[in-house]
Amino acid sequence: MKKMVAALLMSLMLMMSSVCMAGEDTMHFVDANGSTGYYVDVASLGFEGNSVVNARIAVKKAAMNRMFLYTMQFDTGKKTYRILESQVLEYDSKKVLESTGGAEKPRAYGDRSPMNSIVQYIYDWKNGKIKRID
């Protein structure tokens, strides 16, 4: 119960950070697979100990005119991720088409997964291996 409340609070904070960052460019490109791009909102990063991080992630599918926004939690110790919230938007207009809440069960990710690239980027950012523009 305590973990669920913490996850819900973190979710709310991440949502609020997205409202506050309306004029800022905090989404950083991480990786691509064809016409699909993966981005992490560095302003949304919330670390819980050494192996758990919460982040807002965007997956942009230009060919479909869609953007998928996720509030996610990654556990690097277990190599799992879970989606806490998600939205589907029209990419060009940013109109929200669908929205879901409620944490999903953790899913495993492998070394070649885009999720692994996102986690590596997040920890490189945290450890100062990526040049900060702020």
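Below you will find a few notes about this structure. Predicted model only: the values in this text are computed from it and were never measured. (Residues numbered from 1 in each chain as written. Predicted model: local features only at pLDDT ≥ 70, side-chain atom pairs only at ≥ 80, totals over all residues. Heavy atoms only, no water.)

### Remarks on the overall build of the chain
For the chain, the count of helices and strands is two helices and seven strands. Among the 134 residues that make up the chain, the fraction classed as buried is 44%. Long-range pairs, those at least 24 residues apart, make up 39% of the contacts in the chain with a sequence separation of at least 6. Summed over its atoms, the accessible surface of the chain is roughly 8,100 Å², and 54% of this surface lies on carbon and sulfur atoms. (Helix = DSSP H or I, 4+ residues; strand = E, 2+ residues; numbered from the N terminus. Buried < 20%, exposed > 50% of the residue type's maximum accessible area, 1.4 Å probe, protein only. Contact = heavy atoms within 4.5 Å. Areas by Shrake-Rupley, 256 points an atom, 1.4 Å probe, with all protein chains shown as cover.)

### Quick notes on the packing of aromatic side chains
The tally for this structure, following the rule as stated, stands at three aromatic pairs. Measuring from centroid to centroid gives 5.5 Å for F29 and Y39, while their planes differ by 70 degrees, and the two rings are edge-to-face. Of the two residues, F29 sits in strand 1 (residues 27-33) while Y39 sits in strand 2 (residues 36-48), which places them 10 residues apart along the sequence. The cationic tip of K126 hangs over the ring face of F47; the distance from NZ or CZ to the ring centre is 4.6 Å. (Phe/Tyr/Trp six-rings, centres within 6.5 Å; stacked < 30°, edge-to-face > 60°. Lys NZ or Arg CZ within 6 Å of the ring centre and 35° of its normal.)

### Re the pattern of salt bridges
Applying the stated rule across the entire model yields two salt bridges. K79 is paired through a salt bridge with D111; the nearest N and O atoms lie 2.4 Å apart. Of this pair, K79 sits in the loop between strand 4 (66-75) and strand 5 (80-90) while D111 sits in the loop between strand 7 (107-108) and helix 2 (114-126), placing them 32 residues apart in sequence. Its relative accessible area of 28% is what places K79 among the partly exposed residues. Close ionic contact of E104 with R107 constitutes a salt bridge, the shortest N to O distance being 2.7 Å. (Salt bridge = Lys/Arg side-chain N within 4 Å of Asp/Glu carboxyl O.)

### Thoughts on the side chain of Q73
You can see Q73 is positioned in strand 4. Q73 gets classed as buried once you look at its relative accessible area, which sits at 14%. For Q73, the side chain forms a polar contact with the side chain of N54, separated by 3.1 Å. Q73 has contacts with E48, V52, V53, N54, T80, Y81, R82 and L84, leaving out every residue within four places of it along the chain. (Polar contact = N/O pair within 3.5 Å; in protein donor to acceptor, adjacent residues only side chain to side chain.)

### Some remarks on the nonpolar core
V40, L45, I57, M72, F74, I118 and I122 are the most contacted members of the largest nonpolar core, which has 25 residues in total. Of all the elements in the fold, those that place two or more residues in this core are strand 2, strand 3 (52-61), strand 4, strand 5 and helix 2. If near-sequence neighbours (up to four positions away) are discounted, I118 is found in contact with V30, Y38, I57 and F74. (Core = buried A, V, L, I, M, F, W, Y, C linked by side-chain atoms within 4.5 Å.)

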